[in-house]
Amino acid sequence: MKIIILSSLILLISCKTENKKPEFKEDYSLSKQEMLQDFEMFESIYEKANAGLYKYRSKSEIDSVFRKNKAEIKDHVSYREFYNILWNVIDYTGSCHNELTYPDSLDNHLSKQKIFFPIPLKYLENKIYTNLDYKNIPTGSEIISINNMSADQFLTSLGKYVSTDGFNKTGKNIKIETDWLPFYIYLAMGKQNQFEIEYKTINSDIIKKSSIISVPYKDFYANYNKRHSKEFEHTISKDYAYKLLDSINTGLLEVHTFGMGGPDTDGHKKYAVFLDSVFTTLKTKKVKNLIVDVRGNGGGNDPNDILLYSYLAQREFRENKTAFTIFQDIPFPKYYIDDDIDELPGELKEEHSIYKHGKYYQNESFNKIWKPNTNAFQGTIILLIDPYVASAGSLFASLVKSDENTIVIGEETLGGYYGHTGHIPVTYKLPNSKLKLSFSIVDIEQDVKELSDEKFGDGIRPDFKVVQSHKDFMSNKDTQMNFAMERIKKL
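The residue numbers shown here count from 1 along each chain, following its written sequence. Residue-level local features of this predicted model are given only where pLDDT is at least 70; pairs of side-chain atoms are given and counted only at 80 or more, and the full residue set underlies all totals for whole chains, interfaces and linings. As a rule here, side-chain values cover all heavy atoms of the structure and leave hydrogens and water aside.

Peer 1: I'd love a proper account of the overall build of the chain, names of residues and values included.
Peer 2: Each helix corresponds to a stretch of at least 4 residues labelled H or I by DSSP, and each strand to a stretch of at least 2 residues labelled E; elements are numbered beginning at the N terminus. Scanning the chain for helices and strands turns up 15 helices and 20 strands. Atoms counted for the radius of gyration: C-alpha only. Globule rule: 2.2 Å times the number of residues to the power 0.38. Computed over the C-alpha atoms, the radius of gyration of the chain is 23 Å, within 12% of the 23 Å expected from 2.2 N^0.38 for a compact globule of 491 residues. Counting only C-alpha atoms, the chain reaches 70 × 65 × 45 Å along its principal axes. Note on classification: 1.4 Å probe, protein chains only; a residue is buried when its accessible area is under 20% of the maximum for its type, exposed when over 50%, partly exposed between these limits. Sorting the 491 residues of the chain into buried and exposed places 59% on the buried side. Contacts: residue pairs with any heavy atoms within 4.5 Å of one another. Here the contacts in the chain between residues at least 6 apart in sequence split such that 77% fall between residues at least 24 apart. Side-chain charges of the chain comprise 63 positive and 68 negative groups, with the mean position of each set lying 3 Å from the other. The charge count treats Lys and Arg as positive and Asp and Glu as negative. His and the chain ends do not count. We put the charge of a Lys on NZ, of an Arg on CZ, of an Asp on CG and of a Glu on CD.

Printed below as a string of structure tokens:
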């Protein structure tokens, strides 16, 4: 039943609305009463269905942020401003599976307007750089300000639209590199006809200024597909792969997604055969070191994460120590829009059948004890991580880091070390705004050791923090992989 997917806020895509009456007109607005009704429904849904609502904040803190943002609903609040009022609460609760998305018809309408930022960006070492030659601004230029907003303010303003597990910040900053960037800017700034940019070119301290005209989303997306870093990104974008680095007697196993399908799918079966072949080879050839590269792994399907860990584990383990929901029958079914509305209650009553203290805990028959595979790797593991790692990706990374034979290199993950709220995603549509509210409903405590460098609310933190340098960005070199290989030579 488990589906773990790292979701995004919204895709600016076309929607087939021909022969349909649009749900929204261009200057669509809601009355104060309609917004209050939606806000109250949102609050009720979160309280009755979201098991992770109080995971990182106390009930009094969560109640306070609900009250504070509800008070912001006044006459003449725009649709975008109302979205932001809701999102302030959602982001505060802290889960990488949280989403709030515009209706397709409004999204489609907005995507065609010339209101979006045109330049793909790159985040490096707390600075923002251009990721494309655009007009008179060369690739690799440092952004000083956009529309009088400093680079730091810009990052903070946009980072709020990326929900992360706990208190993590790296995952918020990194998402400006993605094709979600223009919509984040729209949510933060509103419609813009042009952007005034202050920037510095490479090896220059002179601040230059440029005014660039806004574009429709498709123009940004065309630019994004021509971004400078695409060459490097494509080298680490395969689903999974293996090769032997003969010069340092080290295996390189790349697994950049766990979305191969569930246990009965052909995709999972093919992946299982692949893993068996890899680890049989590692054992036969007596390979001493193994680089496991899960950068970019935002999650996927059970049991792909746990199966891989069984080839790395030095202990018996479970997928989680505990897992609970706070309902069995779907609250507010009138507003629930997923197609599992008939099946989900029965599945929850079967799997989450142990009721304690207002929570429905997972039956142990759904959380089996795993043993290390007979071909489990016995040498030194180098785990490569980055801020995109989340959900099943971060669950896997937390298990690996918890073992003593692992060296973790890279940047803190977006997903949590000690746990997350995941497994089963649900979606509601608010009655007046038609905003789609999505979140996952199973609160999970991961089967990991308590570590001194991991606080509750952290992502998986590296033993060696290594970020791509600006120089390596410009030459499309893999700073983290190169560091890992040099580290292995010193073992």
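From this point, the narrative continues.
Peer 1: So what's going on with the packing of aromatic side chains? Residues and values would help.
Peer 2: Only centres within 6.5 Å qualify two rings of Phe, Tyr or Trp (six-membered ring in Trp) as a pair; their planes then separate them into stacked at under 30 degrees, edge-to-face at over 60, and tilted for everything else. The full count for this structure, using the stated rule, is 33 aromatic pairs. Each member of the aromatic cluster is reached from another via a ring pair, and the members are Tyr79, Tyr83, Trp87, Tyr102, Phe116, Phe183, Tyr186, Tyr217, Phe220, Tyr221 and Tyr224. Look at NZ for Lys and CZ for Arg. If either is within 6 Å of the ring centre and within 35 degrees of the ring normal, a charge sits over the ring. Lying across the ring of Tyr92, Arg57 places its NZ or CZ 4.0 Å from the centre.

Peer 1: Residues and numbers for the nonpolar core, please.
Peer 2: Working definition of a nonpolar core: buried Ala, Val, Leu, Ile, Met, Phe, Trp, Tyr and Cys residues. They are joined through side-chain atoms within 4.5 Å. Phe42, Tyr102, Phe117 and Phe154 are the most contacted members of the largest nonpolar core, which has 85 residues in total. If we skip the residues at most four places from it in the chain, Phe117 touches Ile146, Leu181, Pro182, Ile185, Phe195, Ile197, Ile212, Val215 and Phe220. Counting 40 residues, the second largest nonpolar core, distinct from the first, contains Trp370, Phe377, Val408 and Tyr417.

Peer 1: Requested: an account of the packing of helix α1 (residues 32-49) against helix α3 (residues 79-93), with residues and values cited.
Peer 2: Axis lines are fitted through C-alpha atoms, for helices just across the contact stretch, and the angle between N-to-C directions can take any value from 0 to 180 degrees. The geometry of α1 relative to α3 is characterised by a closest axis approach of 11 Å and an angle of 15° between their N-to-C directions. By the angle class used here, α1 and α3 are roughly parallel. As α1 runs across α3, the sense of the crossing is right-handed. Of α3, the residues touching α1 (which contributes Met35, Asp38, Phe39, Phe42 and Tyr46) are Phe82, Ile85, Leu86, Val89, Ile90 and Thr93. The scheme is simple: roughly parallel for angles under 35 degrees, roughly antiparallel for over 145, roughly perpendicular for 65 to 115, oblique for anything else. Note: crossing handedness is left-handed where the near helix turns anticlockwise from the far helix by less than a right angle, and right-handed where it turns clockwise.

Peer 1: Go over the layout of surface pockets, please, and point to the residues and values.
Peer 2: The distinction between a cavity and a pocket rests on a 1 Å grid over the protein atoms alone: a 1.4 Å probe fits inside a cavity but cannot get out, while a pocket stays open yet meets protein on both sides within 12 Å along at least five of seven lines, and a residue with an atom within 4 Å of a point counts as lining. Grid points are joined across faces, edges and corners, and a volume is the space filled by probe spheres set on the points. Estimates place the volume of the second largest pocket at around 370 Å³. In terms of lining residues, the second largest pocket is bounded by 16 residues, among which Asp91, Gly159, Lys160, Lys169 and Lys172 are the most central. Secondary-structure elements contributing two or more residues to the lining of the second largest pocket are α3, α5 (151-159) and α6 (170-174). Three classes are used, and their members are as follows: Ala, Val, Leu, Ile, Met, Phe, Trp, Tyr, Cys and Pro are nonpolar, Asp, Glu, Lys and Arg are charged, and the others, Gly among them, are polar. Within the lining of the second largest pocket, the residues separate by chemical class into three nonpolar, eight polar and five charged.

Peer 1: Can you explain the sheet that holds strand β20 (residues 464-465)? Please cite residues and give values.
Peer 2: Strand pairing in a sheet relies on backbone hydrogen bonds. The paired strands run either parallel or antiparallel. Reading across the sheet, the six strands line up as β9-β10-β11-β16-β17-β20 and stay open at both edges, with mixed pairing between neighbours. Whereas interior strands pair on both sides, the edge strands pair on one side only; in this sheet they are β9 (240-245) and β20. As paired elements, strand β10 (residues 250-255) and strand β11 (residues 289-293) share five bridges and run parallel to each other. Bridge assignment links Glu254 to a residue of β11, and that residue is Asp293. DSSP bridges decide pairing: two strands pair if at least two such bridges lie between them.

Peer 1: Break down helix α7 (residues 181-189) for me, citing the residues and quoting the values.
Peer 2: Side chains of residues three or four places apart in an α-helix project in the same direction, reflecting 3.6 residues per turn. Of all nine residues in α7, eight are buried; the element is thus mostly enclosed. Among all positions of α7, only Leu181, Pro182, Phe183, Tyr184, Ile185, Tyr186, Leu187 and Met189 are buried.

Peer 1: Before we move on, could you go through the pattern of salt bridges and cite the residues and values that matter?
Peer 2: Each salt bridge in this description consists of a side-chain nitrogen of Lys or Arg and a carboxyl oxygen of Asp or Glu lying within 4 Å of one another. Summed over all chains, the structure comprises 20 salt bridges. We note a salt bridge from Glu316 to Lys371, for which the minimum N-O separation is 2.4 Å. Here Lys371 lies in the loop between β15 (359-361) and β16 (380-385) and Glu316 lies in the loop between α11 (304-310) and β13 (320-325), a separation of 55 residues in the sequence. Between Asp453 and Lys401 there is a salt bridge, with its nearest N and O atoms 2.7 Å apart. Remark: Lys401 occurs in helix α13 (residues 392-401) and Asp453 occurs in the loop between β19 (436-446) and β20; sequence separation between them is 52 residues.

Peer 1: So, α1: which residues are in play, and what are the values?
Peer 2: For a helix, the expected span equals 1.5 Å multiplied by the number of residues minus one. Given a rise of 1.5 Å per residue, 18 residues ought to cover 26 Å, and the 25 Å separating the end C-alpha atoms of α1 matches this to within 8%. Buried within α1 we find Met35, Leu36, Asp38, Phe39, Met41, Phe42, Glu43, Ile45, Tyr46 and Ala49. Elements in contact with the buried residues of α1: α2 (59-70), α3, β18 (419-429) and β19.

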